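The primary structure of each chain is shown beneath.
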Amino acid sequence: MTTVVAAPLIRWDWVFRNGDKIVERIIEHLILTGLAVGFGIAIALVLTAIILRWRGAYGPITGITGLMYSIPSVALFAFFVPITGITILTAEIALVSYTLLILIRNTIAGLDGVPNDVREAATGMGYTRRRLLFEIELPLALPVIITGIRIATVTVIGLVTISSLIGLGGLGQFILQGLTTFSSPIGTTKIFLGTGLSIVLAIVIDLGLVLVERLVTPWARRVAN
Amino acid sequence: MITLTDVTKHYEGATTPAVENLSLTIEEGTITVLVGPSGCGKTTTLKMINRLIEPTSGDITVGGNSVIDRPPHELRREIGYVIQHIGLFPHKTIRKNIATVPHLLGWDAARIAERVDELIELVDLDEEMLDRYPHELSGGQRQRVGVARALAADPPVMLMDEPFGAVDPIVRGKLQDELLDLQRRVKKTIVLVTHDVDEAVKLGDKVAILNIGGVLEQYDSPEVILGSPANDFVRSFLGTDRGLKRLGLFPIETLQLDTGPFVGVGATTAVARSVAQSHNSEWIGVLAEDDTLLGWSPVDSLAVDGVVTEAAERFLSWVDCNDSLRDALEVIISSHTRIAAVLDGGTFKGIVTLDQIYAEIMT
Ligand SMILES: Nc1ncnc2c1ncn2[C@@H]1O[C@H](COP(=O)(O)OP(=O)(O)OP(=O)(O)O)[C@@H](O)[C@H]1O
Ligand SMILES: [Mg+2]
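Rules used in this analysis
Residues numbered from 1 in each chain as written. Chains lettered and ligands numbered in written order. Predicted model: local features only at pLDDT ≥ 70, side-chain atom pairs only at ≥ 80, totals over all residues. Heavy atoms only, no water. Helix = DSSP H or I, 4+ residues; strand = E, 2+ residues; numbered from the N terminus. Rg over C-alpha atoms; globule rule 2.2 N^0.38 Å. Buried < 20%, exposed > 50% of the residue type's maximum accessible area, 1.4 Å probe, protein only. Contact = heavy atoms within 4.5 Å. Areas by Shrake-Rupley, 256 points an atom, 1.4 Å probe, with all protein chains shown as cover. Domains from an automatic or database assignment. Buried area = accessible area lost by both parts, 1.4 Å probe. Salt bridge = Lys/Arg side-chain N within 4 Å of Asp/Glu carboxyl O. Polar contact = N/O pair within 3.5 Å; in protein donor to acceptor, adjacent residues only side chain to side chain. Nonpolar A, V, L, I, M, F, W, Y, C, P; charged D, E, K, R; others polar. Phe/Tyr/Trp six-rings, centres within 6.5 Å; stacked < 30°, edge-to-face > 60°. Lys NZ or Arg CZ within 6 Å of the ring centre and 35° of its normal.

Engineer: Looking at this model, I keep getting lost on the overall build of chain A. Mind explaining?
Structural biologist: For chain A, the count of helices and strands is 10 helices and zero strands. When the helices and strands of chain A are listed from N to C terminus, the series reads α-α-α-α-α-α-α-α-α-α. Against the globule reference of 17 Å for 225 residues, chain A gives a C-alpha radius of gyration of 22 Å, more extended than a compact globule. Overall, chain A is about 90 × 50 × 25 Å in size when its C-alpha atoms are taken along their principal axes. Taking all 225 residues of chain A together, 43% fall into the buried category. A separation threshold of at least 6 residues defines the contact pool for chain A, and within that pool the share at least 24 residues apart is 74%. In the form shown here, chain A has an accessible surface area of approximately 11700 Å², with 73% of it arising from carbon and sulfur atoms.

Below, the structure is given as structure tokens:
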């Protein structure tokens with residue numbers, strides 16, 4: 001005769017025993033996310049500069065980055081693994097390509113949203129094209145640009161979880177391990193841990209970016225008061 | 001001095017030029033107003049002076065040098081600019097907004113701070129506003145910041161495109177007075193665009209009346225333009241109350257004032273009657289000992305033999321010697337005595353009659 005004892009969904013004792021491993025995974029996750037968003041911003045800046053210089057480039061650039069955005073990440077991994085192997089590079093290519101459309105579109109939208117009379121007043125008082133961009137247009141576009149960075153970052157945090165599928169680190173590792181040992185209590189614990197921490201990480205970083213936005217746009221803050 | 005020589009602007013794709021063969025000489029230290037119906041090319045003309053718009057042909061000089069010979073951003077830092085919708089920078093404090101051109105010119109912080117303090121006083125704004133953002137100011141205050149910002153680096157030339165267009169008539173009148181007051185002190189060469197004739201004749205030393213296509217219909221002092229319009233377009237643009245507008249240009253102090261039927265309190269009624277008679281008047285004005293207005297009495301009501309001790313009626317309105325003939329006319333037609341008493345800081349100076357106003361219009 002066997003008795004079925006309902007196993008707990010989360011084995012907290014396992015969680016506490018593996019604290020250092022969890023922290024390690026979180027750090028990996030943050031590094032993968034940071035690299036993707038960082039490179040994403042750098043590449044988006046270059047492409048945005050090209051668009052600002054040649055307005056006609058907007059269509060082709062958003063077309064291509066839009067295409068990259070629409071390819072499922074798993075397919076992209078599969079496509080690059082034969083070329084670049086199971087490396088961080090493979091993951092990052094996929095991740096970065098996801099951020100570009102969001103970052104570029106928001107930056108351009110933010111710049112286009114600068115009121116024309118402001119631009120004209122600045123030019124009329126002797127701003128050069130370059131100083132106009134850096135001292136007037138970019139600061140005024142910041143709220144929209146930061147919104148773009150927020151969306152990109154949260155998206156990437158989710159995608160990094162999936163990148164574990166090709167064997168890279170991050171919180172997705174827990175989920176992957178959990179799936180292979182699904183029937184054991186440790187397995188479900190790992191799945192819950194990986195999923196839950198990804199969500200918490202996304203929320204915390206999003207809130208942090210909101211805070212950054214408020215800090216760098218003091219004029220907008222006082223509008224609400 | 002600013003000169004425009006045969007300036008034409010033909011926007012790409014437009015069938016007719018926005019401005020065609022416009023020649024204009026703008027004197028140093030004066031306010032020149034460009035006025036005309038909407039779409040006649042006022043803004044286009046103004047923006048060609050600081051090269052926000054490049055002329056299709058023709059030449060423009062500022063201070064003797066052709067504007068084409070200078071890098072636009074350098075030229076613009078020497079020309080104050082107030083645009084139609086002010087265009088303050090929403091992300092910069094009032095202090096930073098005002099300091100825009102000094103900042104571009106690379107002044108040091110101490111010099112900028114000193115200049116900002118000077119300007120805030122010049123345009124009559126409160127110092128506590130310096131650390132606010134533009135959206136935290138009223139429309140009238142923003143206009144003043146716009147003017148202060150244009151004046152910041154003390155440019156010899158100022159371009160103003162409908163600078164008071166966005167505020168209510170009372171504030172506009174006040175801002176206009178302040179601009180005139182400011183101009184007496186700073187003596188800039190100002191080119192101001194408006195579509196309001198009253199504003200043009202009030203502010204302009206010279207007024208240029210433009211027609212659609214940037215055609216210059218008349219360019220002269222407001223007195224001459226209102227007194228002898230060059231053609232039907234100008235006449236209809238000025239409106240039917242052209243004569244009244246013109247009266248608004250003459251200050252009362254230019255008149256030789258009549259003393260009027262006035263006696264001091266304490267005069268005998270016999271004297272009062274004879275003063276009234278000599279002025280052909282049915283009433284007699286009474287002045288207090290310090291020459292302020294006491295009021296007036298009908299001659300009929302004076303005692304046969306006695307002393308004038310008080311006045312039966314008060315004057316309900318009067319004018320100051322800085323006011324215009326138009327103001328005097330207003331008082332004349334709304335008072336029982338049919339004159340306008342003229343005061344100088346409360347002291348009686350004399351009267352203006354309808355005949356005098358007629359005589360002035362005729363000359
Ligand atoms: N960038 C432009 N491209 C093409 N046409 C223009 C441009 N700017 C102005 N125009 C045209 O040139 C003419 C003159 O315009 P402008 O703005 O100088 O008029 P305005 O006298 O300032 O009018 P308003 O009193 O309404 O401000 C108008 O017919 C206008 O439609
Ligand atoms: Mg205009």
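There is more to say, and it comes next.
Engineer: Would you explain the domain arrangement of chain B in this entry?
Structural biologist: Note on interface size: it is often stated as the accessible area lost on association of the parts. Residue and element names in this part refer to chain B. What the domain assignment reports for chain B is domain 1 (2-247) and domain 2 (252-362). Between the C-alpha centres of domain 1 and domain 2 the distance comes to 43 Å. Together, Leu 244, Arg 246 and Leu 247 form the three largest contributors to the area buried by domain 1 at its contact with domain 2, with a combined 88%. Counting across the interface, domain 1 meets domain 2 through zero salt bridges. At the junction of domain 1 with domain 2, the criterion picks out one residue pair in polar contact (both at pLDDT 80 or more). The leading source of residues in the side of domain 1 that touches domain 2 is helix H11 (residues 242-247), at four residues. For the side of domain 1 that touches domain 2, the per-class residue count stands at two nonpolar, no polar and four charged.

Engineer: Help me understand the packing of aromatic side chains, please; the structure alone is not making it clear to me.
Structural biologist: Aromatic rings considered in pairs are described by the distance between their centres and by the relative angle of their planes. Residues and elements named next belong to chain B. In total, this model carries 10 aromatic pairs over all chains according to the counting rule given. Where Phe 233 meets Phe 237, the ring centres are 6.0 Å apart and the plane angle is 10 degrees; that geometry is what we call stacked. Separated by four residues within a single helix, Phe 233 and Phe 237 lie in helix H10 (residues 232-238), roughly one turn from each other. Grouped by ring-pair contacts, the aromatic residues Phe 262, Trp 283, Trp 296, Phe 315 and Phe 348 constitute a single cluster. A cation over an aromatic ring shows up here: Lys 206 above the ring of Tyr 219, its NZ or CZ 4.6 Å from the ring centre.

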